[in-house]
Amino acid sequence: MIGLSFSIAAPALSIKDNKRLVDVCELATMKIKGRMPLLEISGNDKICAPASVRRKARKLAMKDVQFDGSCLKSCQGGVVDKRFLEEFQKERECRVIVGDLIIKGLNANNTKLEKLRRIERIEKGSLVFQQNIGYESMLFLSNLEVISHPSSHEPALQIANNYGMKFIGLPSLKTVEAADEDRAIEIYTYEEMPKSEKRRLMDVANKREIFTLGRKNIDETHRVHEEYNNNALLGFLLTVFLGMVLMGAAAILLLTICRRERRRRHSEEGIPLRARSAPRHYRESLDSYPSASFEESNEFEQRSKATSVGKPKTTSYSRESAVD
């Protein structure tokens, strides 16, 4: 930080005839004391700086100071939504919009536009601010100085049908260019704007009448996707839900396959149901008996009946009857 103090009548700081000088951003951090004007700056054809530095230089010099805008980086315009704002945030040095900047159908509760504050110029395009809700002004474009769209017969600045708008709020705007100079600016408002706002913007429009109280007939714009603040959270929850559904379906499919495999094995073994359900020790005792033919079984049964006369009835089993 540099501090300078002089008591003579000449400006405290003089910057003259520097053909290669470009960066004068240090002016923003200087504290200069003395009589006004504090700055004499001329003959510097290539000096370039952001809007805040240019304003301070003009204030210190008490006159208009010519700056070269070639050092200001540019980026493409478009329809402002959350994706546009994210991309614009990545272009941290972008101060010039090339093409239209369309702000339409947004809600101040859902979409904050302060990221657009560093925009200083709109070239080869128009600024459209229509059908928005809750924005009291356009102070988020407080550094905008120039809107230039000389090839278009539409207004270069279009403001209409914005609920809750109380004043315009483009304090740095100095130039608006369009093919039709009589329609370079078009403003529709639901409320009467302050007289100071009207005078300032009419000066930009070369004293032409640009304000209309009421609603403009334009197609309604609905930006449904802007109503959600947590699209990432909704996407995560949807992913979890779909994952649970797929896991459940996989479990049901696996269970069905296991049941079919079990039934197939049982059918191949051919084991009767009653034999499978008999106690284990009983099945083991049956397996220890030697197998007998059909004739031997009948002879054994007849002898058993003959010897069982006059005795309490007992139950005899053969291997075949047990199995049946």
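None of these values were measured; they are calculated from a predicted model. (Residues numbered from 1 in each chain as written. Predicted model: local features only at pLDDT ≥ 70, side-chain atom pairs only at ≥ 80, totals over all residues. Heavy atoms only, no water.)

With that out of the way, let us pick up the overall build of the protein chain. What the protein chain contains, in helices and strands, is eight helices and 13 strands. Put simply, of all contacts in the protein chain between residues at least 6 apart along the chain, 71% involve residues at least 24 apart. As displayed, the protein chain has an accessible area near 21,400 Å², and 54% of this comes from carbon and sulfur atoms. (Helix = DSSP H or I, 4+ residues; strand = E, 2+ residues; numbered from the N terminus. Contact = heavy atoms within 4.5 Å. Areas by Shrake-Rupley, 256 points an atom, 1.4 Å probe, with all protein chains shown as cover.)

Turning next to the pairing of strand E5 (residues 73–79). Remark: a regular strand shows side chains that alternate across the two faces of the sheet. Relative to strand E6 (residues 94–104), E5 runs parallel, the two being bridged by six bridges. The residue bridging Cys75 from the neighbouring strand is Ile97, located in E6. What joins E5 to E6 is helix H2 (residues 82–90), and the crossover it makes is right-handed. (Pairing = 2+ DSSP bridges. Right-handed = clockwise from strand over helix to strand, strands pointing away.)

This part covers the pattern of salt bridges. Under the defined criterion, the tally for this structure stands at 15 salt bridges. For Arg58, the salt bridge is made with Asp64, and the minimal N-O distance between the two is 3.2 Å. Overall, the relative accessible area of 18% leaves Arg58 in the buried class. Where Glu123 meets Arg121, a salt bridge forms, and the shortest distance between an N and an O atom there is 2.9 Å. A residue is classified by how much of its surface remains accessible, and Glu123, at 28% relative accessible area, is partly exposed. Its relative accessible area of 28% is what places Arg121 among the partly exposed residues. When salt bridges with common partners are traced through the structure, they connect Arg54, Arg58, Asp64, Arg95, Glu120 and Glu145 into a single cluster. (Salt bridge = Lys/Arg side-chain N within 4 Å of Asp/Glu carboxyl O. Buried < 20%, exposed > 50% of the residue type's maximum accessible area, 1.4 Å probe, protein only.)

On to helix H1 (residues 51–61). Those residues of H1 not exposed but buried are Ala51, Val53, Arg54, Ala57, Arg58, Leu60 and Ala61. Along its buried surface, H1 packs onto strand E3 (31–33) and strand E4 (39–42). One or two steps after H1, the chain reaches Met62, where phi turns positive at roughly 60°.

A word on the pairing of strand E8 (residues 127–130). Taking every second residue as pointing to the same face, both faces of E8 are buried, with Leu127 and Phe129 on one and Val128 and Gln130 on the other. Here E8 runs beside strand E10 (residues 157–160); their pairing, made up of four bridges, is parallel. Of the residues in E10, the one forming a bridge with Phe129 is Ile159.

Averaged over all residues, the pLDDT of the protein chain equals 81, while 75% of them reach at least 70. Here helix H8 (residues 319–323) stands out as the least confident element of the protein chain, with mean pLDDT 45; E8 is the most confident, with 97. Under a pLDDT of 50 for its full length, residues 223–230 has, in the predicted model, 18 contacts with residues more than four places off or in other chains. Between residues 314–324, whose pLDDT stays under 50, and residues either more than four places distant or in other chains, the model counts eleven contacts. (pLDDT = per-residue confidence, 0-100.)

Turning next to the environment of Val96. Relative to the elements of secondary structure, Val96 occurs in strand E6. Each C-alpha atom, one on Val96 and one on Glu120, is 5.9 Å from the other, the two residues being 24 residues apart in sequence. Setting aside anything within four residues of it in sequence, one finds Val96 in contact with Leu72, Lys73, Ser74, Cys75, Arg121 and Glu123.

With the exception of glycine, most residues fall at negative phi, and the peptide bonds are largely trans. The peptide bond linking Met36 to Pro37 adopts the cis configuration, its omega dihedral lying at -5°. Tracing the sequence through the fold places Pro37 in the loop between E3 and E4. Look at Asn206: it is not a glycine, yet its phi comes out positive at around 55°. If you trace the backbone, Asn206 turns up in the loop between helix H3 (195–204) and strand E13 (211–213). Since its relative accessible area comes to 52%, Asn206 is described here as exposed. Although it is not a glycine, Lys207 sits at a positive phi angle of roughly 70°.

Residues Phe236, Leu237, Val240 and Met244 make up a contiguous nonpolar surface patch of roughly 410 Å² in combined accessible area. With respect to the helices and strands, the residue Val240 is situated in helix H4 (residues 231–269). In this structure Val240 comes out as partly exposed when scored by relative accessible area, which is 34%. (Patch = residues over 30% accessible without salt bridge, like charges linked within 9 Å, V, L, I, M, F, W, Y side chains within 5 Å.)

Moving on to H2. Because each turn of an α-helix spans 3.6 residues, side chains separated by three or four positions end up pointing in the same direction. All of the buried residues along H2 are Phe84, Leu85 and Phe88. Down the axis, H2 shows its buried residues gathered within 95° of arc, on one side only. Exposed positions of H2 whose direction lies more than 90 degrees from the buried face are Arg83 and Lys90. Structurally, H2 contributes buried residues whose contacts are with E5 and E6. Looking at where H2 begins, the residue whose side-chain oxygen comes 3.3 Å from the main-chain nitrogen of Arg83 is Asp81. (Arc of directions from axis to C-beta. Polar contact = N/O pair within 3.5 Å; in protein donor to acceptor, adjacent residues only side chain to side chain.)

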